[in-house]
Amino acid sequence: MGFARTCSVALVGVEGVVVEVQADLEPGVAAFTLVGLPDKSLSESRDRVRAAVVNSGAEWPQKKLTVGLSPASVPKGGSGFDLAVACAVLGAAERIDPRVLSDIVMIGELGLDGRVRPVRGVLPAVLAAADAGYEQVVVPECTAAEAMLVPGVSVLGVRSLRQLIAVLTDEPVPEEEPDGEGRPDPLLSGLCMPGAALGTGLSGIGTVDQEHGHDLADVVGQPAARTAMEVAAAGGHHVFLQGPPGAGKTMLAERMPAILPCLTRQESLEVTAVHSVAGMLPPGKPMVDTPPYCAPHHSATMQSLVGGGQGVARPGAVSLAHRGVLFLDEAPEFSSHALDALRQPLESGHVVIARSAGVVRLPARFLMVLAANPCPCGRYTVAGEGCDCPPSVIRRYQARLSGPLLDRVDLRVQVERVTRSELTAGGAPGESTRTVAERVRAARERSAARLAGTPWRTNGEVPGHELRSKWRALPGAMAEAERDLERGLLTARGLDRVLRVAWTVADLAGHDCPDAGDVALALQLRTGIQRGVPMAIGASR
């Protein structure tokens, strides 16, 4: 009787669970039994592993073989267990010393010829292995750079099973013949799901910046909307842009990621883990260091927005936009159920999805930008153009964005149509993305220094009770906002959000504490009602 064990990782959402892969050989009729709650793709690994072992020059044991995946109560799926199953079988057959395998975590799919193919979710899998105390990890060669992002773990990248057998048995490592020149490496096809980025509207990995022709200087006019976008980027506040078609709402949203600061290392690991699980991490970019930009179509379902699907839930658009921008263009055209499903992640920064296969917690700390027309025809607020929409249709159209959802949006701006004089004037263009991004970075540094020692990094994350107790405005500065609360123009949540925005305005203006002018501008951005202050940071001083 032979026995061997090694380890792999089962992914539940973007979190990993270390799984012990055990192989047992007993005398009897040759058979291969796989137990431990495997799914269909994992059950098929029996044929892949057998063919890969034989084609790698090793002998397949002609005995009763049982492979167990422990803990058996955790659902397991995918082809990432192939490498661990093959090595456990070879260890039980004494082709590999079983003592060498016990402390190694193996992740990878096997081809029938023995090549090790990449799988999605390598980074969160290696993170789970490191948290469990494992120091040695074996992954496909083309995902080794992704696995090396985890500190304190020794990573071995292999291209074939025969190479791994040689390494584990101290034999000369064979050289794998390269594929034909001029053709893409077929092993890289497992890293990215075809069409996945198109399905969510994800614009590649990272931001849409000046290199692709997107600069804030291209936006003509719109001083109020530009100020709102700057405040939103500096404090992590959500924005609602309402205006007629062609006013520049989409242009502003596309330029938002470029004025956001680059991600910290911890944030980069979080974002990379989500994109790796979703199959959107390209081979040449093992780590995402810039804020992502996700713009799903208005026909998106609730599952595609917040995550879900059959079996274990997969990340949705809110998780793909984690630490970046989620742009919902034509927001009233989205399903009301899909929009209302955004309420929880807007408050908590994560999504909890319960399914029969288990409960998944996905990160969703994003900056939301909503864009909408004033009515179905888009001409309701445009002077000189007749709107054909009846009042009942306009009310019904605007009511598609529910009050509880809009109450969670800090900034609401009316985007006016650009005039002929603004469009054809030959004056100096507006501020560039680089200039605005520098102010945003300085404001973020001020808020980070103030919030040092707390779990929050931006003003938009600070709970209201903490703001009211620890970070108050100057005496009397909130008087006008408190009067709006009494009149019913603001809710209690709205009052807290006005204080959050006032702190961001103060950070951009270089003030140590919000004054009456900062609060007035925050109220103007929140309610859309003119408060007698210019719509520009520091212009009212």
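Residues numbered from 1 in each chain as written. Predicted model: local features only at pLDDT ≥ 70, side-chain atom pairs only at ≥ 80, totals over all residues. Heavy atoms only, no water.

A.B. asks: What am I meant to see in the packing of helix H23 (residues 492-509) against helix H24 (residues 516-527) here?
C.D. replies: Angle between the axes and distance between the axes are the two parameters that describe a pair of packed helices. At a minimum axis distance of 8 Å, the contact between H23 and H24 shows a crossing angle of 125 degrees. As far as their axial angle goes, H24 and H23 are oblique. When the axes of H23 and H24 are compared, the crossing they make is right-handed. Contacts from Gly-494, Arg-497, Val-498, Val-501, Ala-502, Val-505 and Ala-506 of H23 reach H24 at Asp-518, Val-519, Leu-521, Ala-522, Leu-523, Leu-525 and Arg-526. Per-class residue counts for the contact of H23 with H24 are ten nonpolar, one polar and three charged. (Axes fitted to C-alpha atoms, helices over the stretch in contact; angles between N-to-C directions. Helix = DSSP H or I, 4+ residues; strand = E, 2+ residues; numbered from the N terminus. Parallel < 35°, antiparallel > 145°, perpendicular 65-115°, else oblique. Left-handed = near helix turned anticlockwise from the far one by under 90°. Contact = heavy atoms within 4.5 Å. Nonpolar A, V, L, I, M, F, W, Y, C, P; charged D, E, K, R; others polar.)

A.B. asks: Explain the pattern of salt bridges here, please?
C.D. replies: Note on pairing: side chains with opposite charge can pair once their charged atoms come close. Evaluated as defined, the whole model comprises 30 salt bridges. Two residues, Asp-218 and Arg-255, come together in a salt bridge whose shortest N-O distance is 3.5 Å. You can see Asp-218 sitting in the loop between helix H8 (196-200) and helix H9 (223-235) and its partner Arg-255 sitting in the loop between helix H10 (249-254) and helix H11 (256-259), a full 37 residues away along the chain. Under the relative-accessibility criterion, Asp-218 is labelled partly exposed at 39%. Its relative accessible area of 5% is what places Arg-255 among the buried residues. (Salt bridge = Lys/Arg side-chain N within 4 Å of Asp/Glu carboxyl O. Buried < 20%, exposed > 50% of the residue type's maximum accessible area, 1.4 Å probe, protein only.)

A.B. asks: I would appreciate a short explanation of the nonpolar core in the present structure.
C.D. replies: One broad trend across soluble globular proteins is that nonpolar side chains are buried collectively. If you look at the biggest cluster of nonpolar residues, it comprises 56 residues, and the most contacted ones within it are Leu-241, Met-256, Val-369, Leu-411, Ala-481, Val-519 and Leu-525. The element contributing the most residues to this core is H23, with eight residues. Excluding residues within four positions of it along the chain, Leu-525 makes contact with Ala-228, Val-231, Asp-410, Leu-411, Arg-412, Val-413, Val-501 and Met-535. Core analysis: the next-biggest nonpolar cluster, separate from the first, contains 39 residues, Val-19, Ala-52, Val-67 and Val-116 among them. (Core = buried A, V, L, I, M, F, W, Y, C linked by side-chain atoms within 4.5 Å.)

A.B. asks: How do you make sense of the packing of H9 against H23 when you look at a structure like this?
C.D. replies: At a minimum axis separation of 9 Å, H9 and H23 run at an interaxial angle of 100 degrees. When the axes of H9 and H23 are compared, the pair comes out roughly perpendicular. Between H9, through Glu-230, Val-231, Ala-234 and Gly-235, and H23, the contact on the second element is made entirely by Val-501, Thr-504, Val-505 and Leu-508.

A.B. asks: Looking at this structure, I do not really get the confidence of the model for the protein chain. What am I missing?
C.D. replies: Predicted coordinates in regions of low pLDDT should not be interpreted in detail. Averaged over the protein chain, the pLDDT score is 87; the fraction of residues at 70 or greater is 90%. When the criterion is pLDDT under 50, residues 203-212 qualifies, and its contacts beyond four places in sequence or with other chains add up to 25 contacts. (pLDDT = per-residue confidence, 0-100.)

A.B. asks: Got a minute to help me understand the side chain of Gln-163 in this structure?
C.D. replies: Mapped onto the fold, Gln-163 is located in helix H7 (residues 161-168). The class for Gln-163 is buried, based on a relative accessible area of 12%. Within polar-contact distance, the side chain of Gln-163 engages the backbone nitrogen of Arg-159 at 3.0 Å. (Polar contact = N/O pair within 3.5 Å; in protein donor to acceptor, adjacent residues only side chain to side chain.)

A.B. asks: I tried to follow the pairing of strand E8 (residues 136-140) on my own but got confused; where do I start?
C.D. replies: A regular strand places its side chains so that they alternate between the two faces of the sheet. Among the five residues of E8, four are classified as buried, and the element is accordingly described as predominantly covered. Relative to E8, strand E5 (residues 104-106) is paired through three bridges, and the arrangement is parallel. The residue bridging Met-106 from the neighbouring strand is Val-138, located in E8. Pairing of E8 with strand E9 (residues 154-158) involves five bridges; the strand directions are parallel. Considered in E9, the bridge of Val-138 is made with Leu-156. (Pairing = 2+ DSSP bridges.)

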